[in-house]
Amino acid sequence: MTDSGWTAERMPDMTGETVIVTGANSGLGYEVTRAFARTGATVVMACRRTNHAKTMKGKILTEAPDATLDVRELDLADLSSIRAFADGFESEYDDLRVLCNNAGVMAVPRDETADGFELQFGVNHLGHFALTGLLLDALLETDGKTRVVTQSSGLHENGEMDFDDLQGEREYDKWDAYAQSKLANVLFAYELDRRLGDAGIEDVASVACHPGYASTNLQGRGPRQEGSILRLWMMRIANAVLAQSAERGALPMLYAATAGGITGGEYVGPDGLMNMRGPPSVQSSSDRSYDEVVAERLWDSSEELTGVTYDFRRSKSVSH
Ligand SMILES: NC(=O)c1ccc[n+]([C@@H]2O[C@H](COP(=O)([O-])OP(=O)(O)OC[C@H]3O[C@@H](n4cnc5c(N)ncnc54)[C@H](OP(=O)(O)O)[C@@H]3O)[C@@H](O)[C@H]2O)c1
């Protein structure tokens, strides 16, 4: 399905609604935040570097002085930070219309989170898995339809779940680890949607998306950590020549979060050249991402590793 020429101008008025965006201080997350702010929504900017996030909040306020932006600390590489964020949110907010699982790292040298998870799998997938589980009540208790949108990547198509070495302890390739984490994002988004459906919950939809190729800080982080000036320059040139703007790259997430035709279990990305740029549309993801056996196995591993279990029965929206 292509909603040709869809732009953020077509987002609904969201005055009074609350949205959480992870990684809201940079790149796509910043543009997603900016667009939601213009709709009148309260945007919780869930960020690791809160000082930088406050600077970026100030930038948005210069163009949208009435925007309501709440910077809150969230380090997805630390389960205690994720729990503290979720507790703080639940104690101060009554509802959650959209959760945007956006933050991520790409192709970085092997490192570990505070809880000993490989960094890319830990931040990109496990952190968001835990966050969503801890915010499930907020989504379920909000009147009307709510959505969880999880940012993947076209590179998920190269991904395979290596359950014998999920954390890359025996063998680590930074690109394979990224692709695995981004496949995990899609598997998670679909499995969450199936589990919500199985529990009879119709008011919460889970959707995956990808931005195509957008010029952000993502591409420079790995080369900088490796001290590779050559790779940094190659990334900069590729960004200048091939990438679309971060503003355009934010559109699939905004579409997945707000467009009327989205029901859950879809994958949204740019519709143009090689799905790297262009207006958002609903697309197919890789064959592996539809494997329900793999998705269930990933779910079980994620619950075990994070200690966060999803209890769908608590919902007042359950219809059976
Ligand atoms: N740009 C693209 O072409 C592209 C393509 C495919 C997929 N994506 C996906 O899009 C998402 C956003 O990336 P981007 O391109 O906007 O890159 P970006 O500009 O580097 O932004 C990434 C964001 O994630 C945050 N983050 C990283 N580690 C975190 C942690 N431990 N806890 C909390 N936040 C953390 C970063 O915070 P700091 O600023 O503190 O580092 C930053 O806000 C990622 O999931 C990425 O995989 C991007």
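To start, this report covers the structure provided alongside it. The shown structure was predicted, so the numbers you read here are calculated from the model rather than taken from an experiment.

What about the overall build of the protein chain?
Phase 1 of the analysis: Along the protein chain, the regular secondary structure elements total 11 helices and 8 strands.
Phase 2 of the analysis: Its C-alpha atoms give the protein chain a radius of gyration of 18 Å, near enough to 20 Å, the size a compact globule of 320 residues would have.
Phase 3 of the analysis: Over its C-alpha atoms, taken along the principal directions, the protein chain stretches across nearly 55 × 45 × 40 Å.
Phase 4 of the analysis: By the burial criterion, 57% of the 320 residues in the protein chain qualify as buried.
Phase 5 of the analysis: Sequence-distant contacts in the protein chain: of pairs separated by 6 or more residues, those separated by 24 or more amount to 76%.
Phase 6 of the analysis: When the accessible surface of the protein chain is summed, it comes to about 13,600 Å², and 46% of that surface belongs to carbon and sulfur atoms.
Phase 7 of the analysis: When the 30 positive and 49 negative side-chain charges of the protein chain are each reduced to one mean point, those points stand 6 Å apart.

Thoughts on a negative patch on the surface
Phase 1 of the analysis: A contiguous patch of negative charge, built from D162, D164, E171, D173 and D176, is present on the exposed surface.
Phase 2 of the analysis: With respect to the helices and strands, D162 occurs in the loop between β5 (146–151) and α6 (174–198).

Details of the environment of T146
Phase 1 of the analysis: Note that T146 resides in strand β5.
Phase 2 of the analysis: On the accessibility criterion, T146 (0% relative accessible area) is buried.
Phase 3 of the analysis: Placed 120 residues apart in sequence, T146 and S26 show a C-alpha to C-alpha distance of 24 Å.
Phase 4 of the analysis: Within the structure, T146 has its side chain in polar contact with the backbone oxygen of L139 (distance 3.4 Å).

Remarks on the nonpolar core
Phase 1 of the analysis: Core analysis: the biggest nonpolar cluster contains 49 residues, and I20, L135, M161, Y310 and F312 have the highest contact counts within it.
Phase 2 of the analysis: Only β2 (42–47), α3 (79–92), α4 (119–134), α5 (136–141), α6 and α11 (292–306) provide two or more residues apiece to this core.
Phase 3 of the analysis: The element contributing the most residues to this core is α4, with 7 residues.
Phase 4 of the analysis: The residues touching L135, leaving out its near neighbours within four places in the chain, are I20, F85, A86, F89, L96 and L99.
Phase 5 of the analysis: Grouped together as the second largest cluster of nonpolar side chains are 38 residues, A24, A37, A41 and V149 included.

As for the sheet that holds strand β4 (residues 98–101)
Phase 1 of the analysis: With respect to topology, 8 strands assemble into an open sheet ordered β3-β2-β1-β4-β5-β6-β7-β8, the strand pairing being mixed. Edge positions in the open sheet fall to β3 (68–73) and β8 (280–283), since each of these has one partner strand only. When the angles between neighbouring strand axes are averaged without regard to direction, this sheet yields 25°.
Phase 2 of the analysis: Both strand β1 (residues 18–22) and β2 contribute to a ladder of 5 bridges, which runs parallel. In the strand pairing of β2, V21 is matched with M45.
Phase 3 of the analysis: In this fold α6 packs onto β4, β5, β6 (204–209) and β7 (267–270), with an angle of close to 160° to the strand it touches most, β6.

A few points about the side chain of Q120
Phase 1 of the analysis: Among the secondary structure elements, Q120 is positioned in helix α4.
Phase 2 of the analysis: Accessibility expressed as a relative area gives 0% for Q120, which makes it buried.
Phase 3 of the analysis: Within polar-contact distance, the side chain of Q120 engages the backbone nitrogen of A107 at 2.9 Å.
Phase 4 of the analysis: Other than its neighbours up to four places away in sequence, Q120 contacts V105, M106, A107, V108, H125, Y172, K174, A177, Y178 and S181.

Re the site of the ligand
Phase 1 of the analysis: With respect to spatial proximity, 30 residues lie near the ligand, and among them S26, R48, Y178, T216 and R221 are the closest.
Phase 2 of the analysis: Between the ligand and the protein, one listed contact pairs an oxygen atom with a backbone N or O atom of G23 at 3.3 Å.
Phase 3 of the analysis: Side-chain polar atom of R49 to an oxygen atom of the ligand: 2.8 Å apart, as the coordinates give it.
Phase 4 of the analysis: Taken by itself the ligand offers 890 Å² of open surface, and the protein chains cover 97% of this.
Phase 5 of the analysis: Per-element accounting of the shell around the ligand gives the leading share, 3 residues, to helix α7 (residues 218–226).
Phase 6 of the analysis: For the shell around the ligand, the class distribution of residues is 12 nonpolar, 13 polar and 5 charged.

Topic: the pattern of salt bridges
Phase 1 of the analysis: Applying the stated criterion across every chain, the model contains 15 salt bridges.
Phase 2 of the analysis: Ionic pairing is found between K145 and D203, a salt bridge with its closest N-O pair at 3.7 Å. With K145 in the loop between α5 and β5 and D203 in the loop between α6 and β6, the pair connects residues that are 58 residues apart, well separated along the chain.
Phase 3 of the analysis: Looking at D203, the relative accessible area reads 26%, which means it is partly exposed.
Phase 4 of the analysis: Across the pair K174 and E226 runs a salt bridge whose closest N-O atoms are separated by 3.0 Å. Highlighted residues: K174 in helix α6 and E226 in helix α7, separated in sequence by 52 residues.
Phase 5 of the analysis: Judged by its relative accessible area of 22%, K174 falls in the partly exposed class.
Phase 6 of the analysis: The exposure class assigned to E226 is partly exposed, which follows from its relative accessible area of 34%.

Reading the values: the criteria
Residues numbered from 1 in each chain as written. Predicted model: local features only at pLDDT ≥ 70, side-chain atom pairs only at ≥ 80, totals over all residues. Heavy atoms only, no water. Helix = DSSP H or I, 4+ residues; strand = E, 2+ residues; numbered from the N terminus. Rg over C-alpha atoms; globule rule 2.2 N^0.38 Å. Buried < 20%, exposed > 50% of the residue type's maximum accessible area, 1.4 Å probe, protein only. Contact = heavy atoms within 4.5 Å. Areas by Shrake-Rupley, 256 points an atom, 1.4 Å probe, with all protein chains shown as cover. Lys, Arg positive; Asp, Glu negative; His and termini not counted. Charge placed at Lys NZ, Arg CZ, Asp CG, Glu CD. Patch = residues over 30% accessible without salt bridge, like charges linked within 9 Å, V, L, I, M, F, W, Y side chains within 5 Å. Salt bridge = Lys/Arg side-chain N within 4 Å of Asp/Glu carboxyl O. Polar contact = N/O pair within 3.5 Å; in protein donor to acceptor, adjacent residues only side chain to side chain. Core = buried A, V, L, I, M, F, W, Y, C linked by side-chain atoms within 4.5 Å. Pairing = 2+ DSSP bridges. Axes fitted to C-alpha atoms, helices over the stretch in contact; angles between N-to-C directions. Near = heavy atom within 4 Å. Nonpolar A, V, L, I, M, F, W, Y, C, P; charged D, E, K, R; others polar.

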